[in-house]
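# Understanding the architecture of this molecule
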Amino acid sequence: DAGVIQSPRHEVTEMGQEVTLRCKPISGHDYLFWYRQTMMRGLELLIYFNNNVPIDDSGMPEDRFSAKMPNASFSTLKIQPSEPRDSAVYFCASSRLNEQFFGPGTRLTVL
Amino acid sequence: AQSVAQPEDQVNVAEGNPLTVKCTYSVSGNPYLFWYVQYPNRGLQFLLKYITGDNLVKGSYGFEAEFNKSQTSFHLKKPSALVSDSALYFCAVRDIGGGATNKLIFGTGTLLAVQP
């Protein structure tokens, strides 16, 4: 299995632009999680899905952030408009039983 | 509410010496506990878990962890540290609030530095 796939691996954009991060979970996993990691705030859970349905989005910082999971093999995290404080590494993880499996992350830099 | 604490921001150990990375937890009911490792510029990798059974759990790369219910701890250990073990280590507990879920609550992480 290829593991969790995220794209792009690196994204540099300017403040105000729309950013879309993509994730392909491990086949057969029914949970998908989006995390953000920064030096200041550590690892934060943004939102998670079960069977493509959002279960808890209480970690989404504000309305500029949105996430979708149109099918079992694809999810997106969108930031519109982006701000410099959104600069972070964004991880996607998927799970079937108990442990979560993380993707390599997308390093986002907003100038 | 479930929570997990990693009291040490950093642990320093010499190569070849035993290492311990500490974790304590607070849950209602039986805990599901996990350790993850993060190498620089990589995602978190699953090391080991405790669900039930033997209190000593063995995982990847020679790591093990001991579940201690009376002390509510789940410390990560390795008999002989390698320089390549230098990384950020996260303890996590499954959040059982709100019904069945695979949501994990992560600690703040402990940076392990192994000196040659």
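Residues numbered from 1 in each chain as written. Chains lettered and ligands numbered in written order. Predicted model: local features only at pLDDT ≥ 70, side-chain atom pairs only at ≥ 80, totals over all residues. Heavy atoms only, no water.

## Here's the deal with the overall build of chain B
Selection criterion: In DSSP terms, a helix is any run of H or I states spanning at least four residues, a strand is any run of E spanning at least two, and both are numbered starting from the N terminus. Atoms counted for the radius of gyration: C-alpha only. Globule rule: 2.2 Å times the number of residues to the power 0.38. Residue exposure (1.4 Å probe, protein chains only): buried if accessible area is under 20% of the type maximum, exposed if over 50%, otherwise partly exposed. Note on contacts: a residue pair is in contact if any heavy atoms of the two residues lie within 4.5 Å. Here the open area of atoms and residues is found with the Shrake-Rupley method and a 1.4 Å probe, where only the protein chains shown may cover a residue.
Each helix and strand in chain B was counted, giving 0 helices and 12 strands. What you see for chain B is a C-alpha radius of gyration of 14 Å, in line with the 13 Å of a compact globule of 116 residues. Taken along its principal axes, the extent of the C-alpha atoms in chain B is 45 × 30 × 25 Å. Counting every position in chain B, which comprises 116 residues, the buried fraction comes to 47%. For chain B, long-range pairs separated by at least 24 residues make up 55% of all intrachain contacts whose partners lie at least 6 apart in sequence. Accessible surface, chain B as shown: approximately 5,500 Å² in total, 50% of it carbon and sulfur.

## Details of the pattern of salt bridges
Two side chains bearing opposite charge may form a pair once their charged atoms approach each other closely. Short version of the rule: By definition here, a salt bridge exists when the distance from a side-chain nitrogen of Lys or Arg to a carboxyl oxygen of Asp or Glu is within 4 Å.
Tallied over the full model, the rule gives 13 salt bridges over all chains. A salt bridge links Glu44(A) to Arg41(A); the nearest nitrogen and oxygen atoms lie 2.9 Å apart. For Arg41(A), a relative accessible area of 57% gives the class exposed. In this structure, Lys78(B) engages Asp85(B) in a salt bridge whose closest nitrogen and oxygen atoms are separated by 2.8 Å.

## Looking at the side chain of Gln37(A)
Within the secondary structure, Gln37(A) sits in strand β4 (residues 31-38). In this structure Gln37(A) touches Gly42(A), Leu43(A), Ala88(A), Val89(A), Phe91(A), Gln38(B), Leu88(B) and Phe90(B), once residues within four positions along its chain are discounted.

## A word on the nonpolar core
For the record, the criterion: Remark: nonpolar core denotes a set of buried residues (Ala, Val, Leu, Ile, Met, Phe, Trp, Tyr, Cys) joined through side-chain atoms within 4.5 Å.
Formed by 28 residues in total, the largest nonpolar core has its most connected members in Trp35(B), Leu47(B), Leu48(B), Phe74(B), Leu76(B) and Tyr89(B). Among the elements of the structure, β2 (10-14), β3 (19-21), β5 (33-38), β6 (44-50), β8 (64-68), β9 (73-78), β10 (87-94) and β12 (110-115) of chain B are those that each provide at least two residues to this core. It is β10(B) that contributes the most residues to this core, 4 residues altogether. Residues within four places of Leu47(B) in sequence aside, it is in contact with Trp35(B), Tyr36(B), Val37(B), Gly59(B), Ser60(B), Tyr61(B), Phe63(B), Leu76(B) and Tyr89(B). One finds Leu46(A), Ala88(A), Tyr90(A) and Val110(A) within the second-largest nonpolar core, a separate group that totals 21 residues.

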